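# Summary of the model geometry
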Amino acid sequence: QVQLVEAGGGLVQPGGSLRLSCAHSGSFFSIYAMGWYRQAPGKQRELVARITHGGITNYANHVHSRFTISRDIPKNTMYLQMNSLKPEDAAVYYCKAETMVGNAYWGQGTQVTVSS
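This write-up is about the structure you can find in this document. In this text the structure is predicted, and so the values were computed from the model without any measurement.

## So, the overall build of the protein
When you go through the protein residue by residue, the secondary structure sums to zero helices and eleven strands. The C-alpha radius of gyration computed for the protein amounts to 13 Å, which stays within 12% of the reference 13 Å derived for 116 residues, consistent with globular compactness. With respect to the three principal axes, the spread of C-alpha positions in the protein is 40 × 25 × 25 Å. By residue count, 44% of the 116 residues in the protein fall in the buried class. Pairs at least 24 apart in sequence give 53% of the contacts found in the protein among residues at least 6 apart. About 6,100 Å² of surface is accessible on the protein, with carbon and sulfur atoms providing 50% of the total.

## Points about the environment of K86
Its place among the elements puts K86 in the loop between strand 8 (77-82) and strand 9 (91-99). It is 30 Å that separates the C-alpha atoms of K86 and H53, two residues lying 33 residues apart in sequence. Setting aside chain neighbours within four positions, we find K86 in contact with R66 and V114.

## Examining the packing of aromatic side chains
Taken as a whole and judged by the stated rule, the model has two aromatic pairs. Judged by centre distance (5.0 Å) and plane angle (70°), the ring pair of Y37 and W106 falls under edge-to-face. Placement of the pair is Y37 in strand 4 (residues 31-39) and W106 in strand 10 (residues 104-106), with a sequence separation of 69 residues. Classification of Y37 as buried rests on a relative accessible area of 13%. Ring centres of Y94 and W106 lie 6.4 Å apart, and the angle between their planes is 85°; on these two criteria the pair is classed as edge-to-face. Taken together, the positions of Y94 in strand 9 and W106 in strand 10 put the pair twelve residues apart, joining distant regions of the chain. By the ring-pair criterion, three or more aromatic residues cluster together here, those being Y37, Y94 and W106. The positively charged end of R45 is found above the aromatic ring belonging to W106, 4.6 Å away from the centroid.

## Concerning the nonpolar core
With 29 residues, the main nonpolar core has W36, L80, M82 and Y93 as its most contacted residues. Where this core is concerned, the elements lending two or more residues are strand 3 (18-24), strand 4, strand 5 (46-52), strand 7 (67-72), strand 8, strand 9 and strand 11 (110-114). For this core, the element with the highest residue contribution is strand 9, accounting for four residues. Leave out the neighbours within four places in its chain, and Y93 touches E6, L20, W36, Y37, R38, V48, F67, L80, M82, G109, T110 and V112.

## Considerations on the pattern of salt bridges
Within the structure shown, the criterion is met by four salt bridges. Salt-bridge contacts for R38 lead to E46; the nearest nitrogen and oxygen are separated by 2.8 Å. R38 gets classed as buried once you look at its relative accessible area, which sits at 5%. Note that E98 is salt-bridged to R50, the shortest N-O span being 2.9 Å. Here R50 lies in strand 5 and E98 lies in strand 9, a separation of 48 residues in the sequence. The burial state of E98 is the same as that of R50; both residues are buried. Through salt bridges with shared partners, a single ionic network connects R38, E46, R66 and D89.

Reading the values: the criteria
- Residues numbered from 1 in each chain as written.
- Predicted model: local features only at pLDDT ≥ 70, side-chain atom pairs only at ≥ 80, totals over all residues.
- Heavy atoms only, no water.
- Helix = DSSP H or I, 4+ residues; strand = E, 2+ residues; numbered from the N terminus.
- Rg over C-alpha atoms; globule rule 2.2 N^0.38 Å.
- Buried < 20%, exposed > 50% of the residue type's maximum accessible area, 1.4 Å probe, protein only.
- Contact = heavy atoms within 4.5 Å.
- Areas by Shrake-Rupley, 256 points an atom, 1.4 Å probe, with all protein chains shown as cover.
- Phe/Tyr/Trp six-rings, centres within 6.5 Å; stacked < 30°, edge-to-face > 60°.
- Lys NZ or Arg CZ within 6 Å of the ring centre and 35° of its normal.
- Core = buried A, V, L, I, M, F, W, Y, C linked by side-chain atoms within 4.5 Å.
- Salt bridge = Lys/Arg side-chain N within 4 Å of Asp/Glu carboxyl O.

Spelled out as structure tokens, the structure:
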């Protein structure tokens, strides 16, 4: 069982920045990949960014070059640095962990609101 706790959401003006964090329980070596997903009202949950155990990253096209996913292995924490935020980035952001044995775990979500 992997527990995930997100933090860092909030209200930001267009063009602003936020950094989300996702602290996870369990060993770094038990996790194959971690990612950030988001879900806006009335829309399906979508991948934002993902990082594998080996450090390989991939991003959704609409956030590439604005968002950066990273991790602090000793702190068991993953981050999402979001810059140049747009109103369409507003959503609930979820952290997901995929384990080496094929299980998936989700955090509770953190709200990001982009508005002037």
